[in-house]
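# Structural overview
The chain contents come next:
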Amino acid sequence: MSDTVYNEEYNDGFYEFFADVKNNPQYDSKIIEKAYCLARDAHKNQRRRSGEPYIMHPVAVAKILFKLGMDNECIVGALLHDVVEDTDYDIDYIKKEFGEVIALLVDGVTKLGQIPLSTREEVQAENIRKMFIAMNEDIRVIIIKLCDRLHNMRTLEHMPEYKQREKSLETLEIYAPIAHRLGIRPIKEELEDLAIYYLDPIAYKEIEKNLSMKKEQGETFLKEITEQISDKINPIMDNVQITSRVKSVHGIFRKVYIKGKDFEQIFDIYAIRIIVDSMIDCYNALGIVHDMFKPLPGRFKDYISMPKPNMYQSLHTTVLSHSGIPFEIQIRTWDMHRTAEFGIAAHWKYKIGKGGKDKMDRHLEWIHRMMEVGNDTENAEELVANIKGDLSVEEVYIFTPKGDVKSLPKGATVIDFAYAIHSAVGNKMVGAKVNGKIVNLDYKVKTGQIVEILTSNQQGKGPSRDWLNIVTTGESRSKIRAWFKKEKRDENIVEGKAEVEREFRRNFIRLDSDNYEAFLRKIAERQHFTNIDDFYAAVGYGGVPISRLMPGIKDEYTRNWKPKESVPSKINYPVEERPESKNVGSIIVEGIDNCLIKIARCCAPIPGEEIIGFINRGTGLTVHRRDCTNVPVDVALSPEPERWVKAYWNSNVQIEARSTIDVYAIDRDGVVLDITTKMANAHVKIHAINARPINDGNCLTTMTITVNSKEHLENVLKIIRKIDGVYHIERSTKE
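This one's a predicted model, so the numbers in the text were calculated from it and none came from an experiment.

For the chain, the count of helices and strands is 28 helices and 20 strands. Buried residues in the chain amount to 49% of all 735 residues. Taking the intrachain contacts of the chain between residues at least 6 apart in sequence as the baseline, contacts between residues at least 24 apart amount to 66%.

So, about the sheet that holds strand β19 (residues 698-707). Read across the open sheet, the 4 strands follow the order β18-β19-β17-β20; overall the sheet is antiparallel. Either end of the sheet is taken by a strand with one partner, and the two such strands are β18 (686-693) and β20 (726-731). Neighbour-to-neighbour, the strand axes of this sheet turn through a mean angle of 20 degrees, independent of strand direction. In terms of strand pairing, strand β17 (residues 657-666) meets β19 through 10 bridges, oriented antiparallel. Within β19, the residue paired with Ile-666 across the bridge is Asn-698.

Attention shifts here to the side chain of Thr-317. Structurally, Thr-317 can be placed in strand β5 (residues 315-320). Residue classification places Thr-317 among the buried residues on the basis of a relative accessible area of 2%. In this structure the side chain of Thr-317 is engaged in a polar contact, spanning 2.7 Å, whose partner is the side chain of His-290. Dropping the residues within four chain positions of it, Thr-317 is found in contact with Leu-286, His-290, Pro-295, Arg-299, Phe-300, Phe-327, Glu-328 and Ile-329.

Moving on: the packing of helix α5 (residues 72-80) against helix α8 (residues 100-109). Across the interface, α5 lies against α8 with an axial gap of 9 Å and an inter-helix angle of 50 degrees. Overall, the two elements α5 and α8 adopt an arrangement that is oblique. Viewed along their axes, α5 and α8 form a crossing whose handedness is right-handed. From α5, Glu-73, Cys-74, Val-76, Gly-77 and Leu-80 reach across to α8, where they touch Val-101, Ile-102, Leu-105 and Val-106. Each residue belonging to the contact of α5 with α8 can be placed in one class, and the counts come to 7 nonpolar, 1 polar and 1 charged.

This brings us to the pairing of β5. Most of β5 is tucked away: 5 of the 6 residues are buried. Both strand β3 (residues 294-295) and β5 contribute to a ladder of 2 bridges, which runs antiparallel. Bridge pairing in β5 places Pro-295 opposite Val-319. Relative to β5, strand β4 (residues 301-302) is paired through 2 bridges, and the arrangement is antiparallel. Bridge pairing in β5 links Asp-302 to Leu-315. Pairing geometry for β5 and strand β6 (residues 326-333), over 6 bridges, is antiparallel. Residue Thr-318 lies in a different strand from β6, and its bridge partner there is Glu-328. Hairpin remark: β5 followed by β6, antiparallel, with 5 residues in the connecting loop; positive phi at Gly-324, about 85 degrees.

Thresholds, definitions, all that
Residues numbered from 1 in each chain as written. Predicted model: local features only at pLDDT ≥ 70, side-chain atom pairs only at ≥ 80, totals over all residues. Heavy atoms only, no water. Helix = DSSP H or I, 4+ residues; strand = E, 2+ residues; numbered from the N terminus. Buried < 20%, exposed > 50% of the residue type's maximum accessible area, 1.4 Å probe, protein only. Contact = heavy atoms within 4.5 Å. Pairing = 2+ DSSP bridges. Axes fitted to C-alpha atoms, helices over the stretch in contact; angles between N-to-C directions. Polar contact = N/O pair within 3.5 Å; in protein donor to acceptor, adjacent residues only side chain to side chain. Parallel < 35°, antiparallel > 145°, perpendicular 65-115°, else oblique. Left-handed = near helix turned anticlockwise from the far one by under 90°. Nonpolar A, V, L, I, M, F, W, Y, C, P; charged D, E, K, R; others polar.

The structure is reproduced here in structure tokens:
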């Protein structure tokens, strides 16, 4: 069909770039137009939330890929990427019409469908797992997905507010870090800026305001600096380009709102980029600018001699202008510049990632590591957490004694480094040296350090279960669990069985032996295990965190397995009828007014938790949590059932309650300070705190805090769990 026919109703933007496609011999314009015709027909009755015809989205994604210089198959895949997911066409039809490679790209970008997954986390995890499998086959899958996400973020204003935040958070935690790993800087920075715009609009506008206030001053400053450098370099070197830029909003946001710096403390808001012909010219240009301006100590980085894992190469230095304004200078060759701007997309012609030992394959090691983690992780929420952690934008670069470089997320330990070298090195590790000195196993490595792993070939030697609380990367955690899964099955079964029984006792799950086994078999099948022993083993080696499964297990028990006589919701009271209660105070007791009420110290209930009252002879009434160990499962069968009475929180009264929690952590300098600082920042009042060392280099911090609801306490616990070294928290049940 002609261009005119397609433009009769609206202009979807396809033919704006198709003219360039036809003039470029590397593209097959016929198959690209064929894909466009199919997509336009398939989406003809669909519209986006903005009201625009849906075809405008795949066309926009194809245009972004074209600007990146991606190949023919990428453009076709982009045009068809929503056809299978949103229309009646299936992947077999795509394969028949366009071939297996394009079908792989389309299928890789397509979300999962018709799979019964119970939670949003599981859906997200399985979609991410599928995406990484496809990336492992062909890296172009994720490049299409990044462009798809970029256009969706550009048009996010048409989505509901909760969707804007959900998509923005996922973008910041998953897609922007992937773009960083692939070295596609423009996409990374735009994704980050758009995400911050929706996640923290006030901070975004404040940064924009600060930048706009300095815009005129900044433009004048950068123009003067550019001219000064040009006057010095141009007479010496040919084919030099000198440009300037202002730091991205997200880059400033991280330093101001996350690292707590003042706007004036950011030294690289302004930057000059010098592009030259050769590597020798890079170092010559560095000498010239250091002669012109005073370099700031500790602010020089040589990414040419030690490239980043995403292939990025440049010299970075921060200097002071003659007027005292700090600015960054980046120096690189033209080839380095192309890689810095487009990353792995600049090397699409090598077809990296498509099987075999490609010469670019070492730059994609992180994808293979993610695949290993994904295959060994049985819990959806943990898989997503591992991927987010391992995709951390901030990285450290560590040397082996032989000079090899390993990159790890910031905060990684020497154990993480050992497993990054090889599973066998981690499993046989007994110690580590950093720059020649012995360090603890929880030591966090820093860029530039030389780390030597000490190993032992002693029979039966292997990792410790405590390491799971020390390591920070999903790869390390996965490999440790894999070792226990393989080497210690019998021990895992015993450990897992004991852990399950402890959790069941704590949650008052009580069944006779026949029902107990049937109930466990049901739980094991739900977690995709063939028998109970496999389930026990997975719990034992840490593959299945039983505490995270307990809400679902309790729900299943209450609905389908709990003996009818044990249901505690209805309490058998004495025959006489109690008078109607009056809403007085923070707790309402059914049938009793003006009674002295005490909170039980054994369980310390807080607003939002199910409670029950116990009438004390002569001393009033004590309120317990319904699941307190001192409360009978069925009060009707207790020795004095008439002393147990219904009680509930008064929703009309703002209540503050005290709760005591035990925080278990690795015993390190500053852990208690970190806990109290986090509580102060969250405006949580601490009434008492006590910290003491316990076994195996750990410590226990017990503190009593004020909370106003069950949800408030859960939020506080979430904050504490994020503190470095904290591995377990529980409510204190001590008198």
